[in-house]
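The chain contents come next:
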Amino acid sequence: MKLRGIHHITAIATDPQRNLDFYTLVLGLRLVKRTVNFDDPGSYHFYFGDRVGSPGTILTFFPWPGAQRGTRGTGQVTTTSFAVTPESIDYWKDRLSRERVPAEETSLRFGQRVLRFPDPDGLMLELVGSSQLSPFELPAPSNVPAEFALHGFNAPTLEVQAARLTEQLLTATFGFELVGEEKNRRRFSLNPGWPDAQIDLIERSAQGFGNIAAGTVHHIAFRAANDEEQLHWRALLEELGLNVTSVIDRQYFHSIYFREPAGILFEIATDNPGFAADETVEHLGESLRLPPQYEEHRGSIEKTLPPISLTGLSKP
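Residues numbered from 1 in each chain as written. Predicted model: local features only at pLDDT ≥ 70, side-chain atom pairs only at ≥ 80, totals over all residues. Heavy atoms only, no water.

Here's the deal with the pattern of salt bridges
So, point 1. Summed over all chains, the structure comprises 22 salt bridges.
So, point 2. Across the pair Lys33 and Glu279 runs a salt bridge, and its minimum N-O distance is 2.7 Å. With Lys33 in strand 2 (residues 30–37) and Glu279 in the loop between strand 16 (265–273) and helix 5 (292–295), this pair connects stretches of sequence that are 246 residues apart. Neither Lys33 nor Glu279 differs from the other in exposure class; each is buried.
So, point 3. A salt bridge links Arg51 to Glu137, with the shortest nitrogen-to-oxygen separation between them at 2.8 Å. Separated by 86 residues along the polypeptide, Arg51 in the loop between strand 3 (40–49) and strand 4 (58–63) and Glu137 in the loop between strand 8 (124–129) and strand 9 (157–160) bring together distant segments of the chain. (Salt bridge = Lys/Arg side-chain N within 4 Å of Asp/Glu carboxyl O. Helix = DSSP H or I, 4+ residues; strand = E, 2+ residues; numbered from the N terminus. Buried < 20%, exposed > 50% of the residue type's maximum accessible area, 1.4 Å probe, protein only.)

Right, dumping it as structure tokens:
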């Protein structure tokens, strides 16, 4: 048994409206769920992804107005990457320039073109020209033409001070295989044909730990096919002596959390129930959805949350 790939990546933002506008209007993703942080219902939790919210496409945010800017360093996912067709890179260079987003094409990485840029909070993003794309549904119609749309994740970059135990967890436990190496970057894959089933690991022994705050990744989640598989992974992690949580119901998936040996917060999440569990695919993200334990407090929660406008966001 091995994991199936990346489920989602969760980061921290500041202004919720600015976050919404950037990921939907600039990058062309769909807002597939608007809910609250289940551990802090006074703040939003946004989910962006493809048309139906497929695991492997989902970038989520905790928008905390007034949050301090974090710093990138070891013990973090330092770069979140998305796959696009190789022909899309020039389109995105022009589009981001017109949107006044500072973007830079880096040197080739494993033979692929890479366009690097920050989001409005400084979260480092990349678009990677990939000849192999995972079989996702593209985002709902937007002002980004379908041929240039983002196709889910492509090998996010994880940085650690000492890589040996992290590599051992990835390969001996989770089923990743080392498939490439360039300088201090090592690529691990669960399925070489699917970009969202790969991660890059960089060891920086002299680099200090990053500070998790606005503009940084909070955690990365990997896919388990179902609850039974997730319980298998939980038992195995306990056997390895890792401090893993009990199963937590996140309404759209079930989750367990633990810190891997170098300090990065990992999650294993189930594919089901999915984001259409409480609203239809046609209306994903249009209304505030609350878990049952908060529904009776909807009035006070809605008054606490900053007002946002969904005008102009992608529709199916």
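Having put the structure on the table, let's press on.
Structural notes on the pairing of strand 5 (residues 76–84)
So, point 1. For strand 5, a buried count of 9 out of 9 residues is recorded, marking the element as mostly surrounded by other parts of the structure.
So, point 2. In this structure, strand 5 lies alongside strand 9, joined through 3 bridges in antiparallel fashion. Among the inter-strand pairings, Gln76 is bridged to a residue of strand 9, identified as Glu159.
So, point 3. Pairing of strand 5 with strand 8 involves 5 bridges; the strand directions are parallel. In the sheet register, Phe82 faces strand 8, and the bridge partner there is Leu127. (Pairing = 2+ DSSP bridges.)

Observations concerning the packing of aromatic side chains
So, point 1. Here the structure, examined in full by the defined rule, presents 20 aromatic pairs.
So, point 2. A centroid spacing of 6.5 Å and a plane angle of 75° characterise the contact between Tyr47 and Tyr252, whose relative ring orientation is edge-to-face. Taken as a pair, Tyr47 in strand 3 and Tyr252 in the loop between strand 14 (248–249) and strand 15 (253–259) lie far apart in primary sequence, 205 residues in all.
So, point 3. Pairing Tyr91 with Phe148 gives two aromatic rings, centres 4.2 Å apart and planes at 10°, and the pair type is stacked. Of this pair, Tyr91 sits in helix 2 (residues 88–98) while Phe148 is found in the loop between strand 8 and strand 9, placing the two residues 57 residues apart along the sequence. Each of the two residues, Tyr91 as well as Phe148, counts as buried. (Phe/Tyr/Trp six-rings, centres within 6.5 Å; stacked < 30°, edge-to-face > 60°.)

A short note on the sheet that holds strand 1 (residues 6–13)
So, point 1. Read across the sheet, 8 strands follow the order 2-3-4-1-13-16-15-14 without closing on themselves; strand pairing throughout is mixed. Strands with a single pairing partner mark the edges of an open sheet, and in this sheet they are strand 2 and strand 14.
So, point 2. Both strand 3 and strand 4 contribute to a ladder of 3 bridges, which runs antiparallel. The residue of strand 4 that forms the bridge with Tyr47 is Thr60.
So, point 3. Along the sheet, helix 1 (residues 16–26) makes contact with strand 1, strand 2, strand 3 and strand 4, crossing strand 3 at roughly 10°.
So, point 4. Packing against the sheet, helix 4 (residues 227–239) makes contact with strand 13 (217–224), strand 15 and strand 16, and its axis sits at approximately 15° to strand 15. (Contact = heavy atoms within 4.5 Å. Axes fitted to C-alpha atoms, helices over the stretch in contact; angles between N-to-C directions.)

Re the sheet that holds strand 5
So, point 1. The sheet built from 8 strands is open, its strands ordered 6-7-8-5-9-12-11-10 with mixed pairing. Only two strands of the sheet have a single neighbouring strand rather than two, namely strand 6 (104–105) and strand 10 (177–182).
So, point 2. Bridging between strand 9 and strand 12 (residues 198–203) involves 4 bridges; their strand directions are parallel. Residue pairing across strands places Glu159 opposite Ile202, the latter belonging to strand 12.

Examining helix 2
So, point 1. Within the span of helix 2, buried status applies to Ser88, Ile89, Tyr91, Trp92, Arg95 and Leu96. One side of helix 2 holds all its buried residues, which, seen down the axis, span an arc of 155°.
So, point 2. For helix 2, the secondary structure elements touched by its buried residues are helix 1, strand 5, strand 6, strand 7 (114–118) and strand 8.
So, point 3. Phi turns positive one or two residues past the end of helix 2, at Arg100, with a value near 60°. (Arc of directions from axis to C-beta.)

Quick look at the environment of Tyr91
So, point 1. Residue classification places Tyr91 among the buried residues on the basis of a relative accessible area of 16%.
So, point 2. Residues Tyr91 and Pro145, 54 residues apart in the sequence, show an inter-C-alpha distance of 9.9 Å.
So, point 3. Excluding residues that lie within four positions of it along the chain, Tyr91 makes contacts with Asn143, Val144, Pro145 and Phe148.

Quick notes on the nonpolar core
So, point 1. Grouped together as the largest cluster of nonpolar side chains are 68 residues, with contacts concentrated most on Tyr23, Trp92, Phe174 and Phe266.
So, point 2. If we skip the residues at most four places from it in the chain, Phe266 touches Leu158, Leu169, Leu170, Phe174, Ile220, Phe222, Ile256, Tyr257, Phe258 and Glu260.
So, point 3. Membership of the second largest hydrophobic core comes to 8 residues, among which are Ile58, Tyr252, Phe253 and Phe275. (Core = buried A, V, L, I, M, F, W, Y, C linked by side-chain atoms within 4.5 Å.)

As for the environment of Glu147
So, point 1. Tracing the backbone through its elements, the reader meets Glu147 in the loop between strand 8 and strand 9.
So, point 2. Distance from Glu147 to Glu87, taken between C-alpha atoms, is 8.9 Å for residues 60 residues apart in sequence.
So, point 3. Leaving out residues up to four positions away in the same chain, Glu147 has contacts with Thr85 and Ser88.

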